[in-house]
Amino acid sequence: MAKKQFSGNKQNKKKSQTRAIIIGGVILLAIIVAGILIMQSSSSAGEFITVAKQTWPQPDGKALGPANAAVVVQEFSDFQCPYCRQFHDTILNKLISQYVATGKIRFEYHHFIVIDGNTGGNESRRAAEASECANEQGQFWDYHNMLFANQKSEGSGTFSDVRLRAFAASLGLDTTKFNSCFNSGKLAALVVKDENLATSDKLQATPALLVNGVLVQNPIDYTIVQSAIDKALGQH
Amino acid sequence: MIFALIGLTVSLYLTYIKVFPSAPFCFGVGDCGAVNTSVYSAIHGIPIAIFGALAYVTLLACLLLESRLPLVNEWGPIAEFGLALAGTLYSAYLTYIEVAVLFKICPYCVTSAVMMTLIFFISVFRFYQAEK
């Protein structure tokens with residue numbers, strides 16, 4: 001009788017041990033599955049549009065064209081701003097071929113972070129900082145094309161740090177140098193410097209276009225931009 | 001079962017608006033479109049809402065087959081517990097992304113997260129009952 005009870009206790013003990021192992025295994029498996037999903041979500045740059053490298057006329061950091069041009073056109077822009085993308089897609093190339101490539105004007109890009117204020121995020125600022133790191137390697141303009149090509153709705157994560165690093169890699173930048181620059185935030189002050197310039201010029205929206213310091217109303221209309229530049233050129 | 005059905009419905013809707021992009025009806029709360037088109041809404045091109053839908057289908061299948069198949073009757077509660085635990089952990093991460101990274105809330109995603117969490121607690125209770 002005692003022997004039978006002992007045997008029963010032993011069986012119960014073994015059964016509960018097996019159960020405990022199974023429960024532990026299931027918990028471990030669940031944590032591993034969730035961990036893999038989280039790692040894939042956070043480390044994957046996801047899909048993005050790659051851009052071909054372009055030949056830029058007289059690139060000089062964030063500027064194009066001759067340094068001594070009589071007319072200087074300054075764009076103040078935010079990589080997340082939809083109208084800035086519209087300016088990039090519909091105006092910039094025309095402006096470059098008509099005025100920059102012909103040596104008539106110097107075109108300068110300046111950061112003006114406005115969208116982060118709407119979203120509460122920092123994607124515009126991080127994208128701007130990343131573009132400064134690309135600029136450190138003389139690749140601002142191609143990187144800037146990459147950013148506008150991959151613009152999505154504001155604060156959607158399209159300019160997450162992982163993706164900004166992946167953009168640099170896809171353009172063939174020195175990733176060690178880029179990542180070191182980007183992770184340290186060492187060029188963040190250059191973005192702030194541009195913002196201060198925008199503030200001192202009393203700019204309120206993006207894209208803002210200044211032709212020899214004069215604000216162009218509606219810069220996404222090429223005829224208006226043309227007329228402002230032609231007027232400035234005529235004065236010289 | 002009701003929670004799993006609600007979870008399945010929102011997951012299928014989120015999958016639908018991801019595969020066939022359209023402006024989602026968002027009850028005037030949050031920004032479903034921005035969250036569901038964000039880079040966090042897919043893994044290697046696969047909408048994460050599909051993973052949610054699959055999890056809810058599996059949970060429903062376990063619940064429906066428990067009384068019919070002895071194998072599911074024996075292992076169903078532990079399987080539901082494991083699936084709900086993984087789902088709850090991943091949902092917690094996604095909610096963190098909404099709140100702290102995207103700064104946007106998607107009511108459907110939150111509904112799914114709440115359903116999965118409730119299912120997890122119920123699965124713990126059911127598993128405990130089955131063990132007794």
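This text gives an overview of the structure that appears in the document. Everything numeric here is computed off the predicted structure, so don't read it as measured data.

**Comments concerning the side chain of A:Asp194**
All names here are of chain A. Relative to the helices and strands, Asp-194 is located in helix H8 (residues 188-200). Residue class for Asp-194 comes out buried when judged on its relative accessible area of 7%. Here His-110 takes part through its side chain, which lies 3.2 Å from a polar atom of the side chain of Asp-194.

**Regarding the interface of chain A and chain B**
Counting residues at the interface gives 28 residues for chain A, matched by 24 residues for chain B. For chain A, the biggest contributors to the area lost against chain B are A:Arg19, A:Leu37 and A:Ser41; these three give 23% of the whole. Along the contact surface separating chain A from chain B lie zero salt bridges. Put simply, chain A and chain B have zero residue pairs in polar contact (both at pLDDT 80 or more) between them. Looking at the side of chain A that touches chain B, the element that brings in the most residues is helix H1 (residues 2-43) of chain A, giving 14 residues. A class-by-class count of the residues in the side of chain A that touches chain B yields ten nonpolar, 13 polar and five charged.

**What about the nonpolar core?**
What tends to happen in soluble globular proteins is that the nonpolar side chains get buried as a cluster. In this structure, A:Leu95, A:Phe107, A:Tyr143, A:Leu164 and A:Phe178 are the most contacted members of the largest nonpolar core, which totals 45 residues. No other element matches helix H2 (residues 82-100) of chain A, which puts eight residues into this core. Excluding anything up to four places from it in sequence, A:Leu164 contacts A:Arg126, A:Ala127, A:Ala130, A:Tyr143, A:Leu147, A:Phe159, A:Phe178 and A:Phe182. Of all hydrophobic cores here, the second largest spans 20 residues; its members include B:Val35, B:Ala49, B:Tyr93 and B:Ile97.

**Looking at unusual backbone geometry**
All names here are of chain A. Here the bond from Thr-206 into Pro-207 is cis, since omega is -5°, no more than 30 degrees from zero. We note that Lys-202 has phi near 60°; this positive angle belongs to a residue other than glycine. With phi around 50°, Asn-212 is a residue other than glycine that occupies positive phi space. Counting through the fold element by element, Asn-212 comes out in the loop between strand E5 (208-211) and strand E6 (214-216).

How each quantity is defined
- Residues numbered from 1 in each chain as written.
- Chains lettered and ligands numbered in written order.
- Predicted model: local features only at pLDDT ≥ 70, side-chain atom pairs only at ≥ 80, totals over all residues.
- Heavy atoms only, no water.
- Helix = DSSP H or I, 4+ residues; strand = E, 2+ residues; numbered from the N terminus.
- Buried < 20%, exposed > 50% of the residue type's maximum accessible area, 1.4 Å probe, protein only.
- Polar contact = N/O pair within 3.5 Å; in protein donor to acceptor, adjacent residues only side chain to side chain.
- Contact = heavy atoms within 4.5 Å.
- Buried area = accessible area lost by both parts, 1.4 Å probe.
- Salt bridge = Lys/Arg side-chain N within 4 Å of Asp/Glu carboxyl O.
- Nonpolar A, V, L, I, M, F, W, Y, C, P; charged D, E, K, R; others polar.
- Core = buried A, V, L, I, M, F, W, Y, C linked by side-chain atoms within 4.5 Å.

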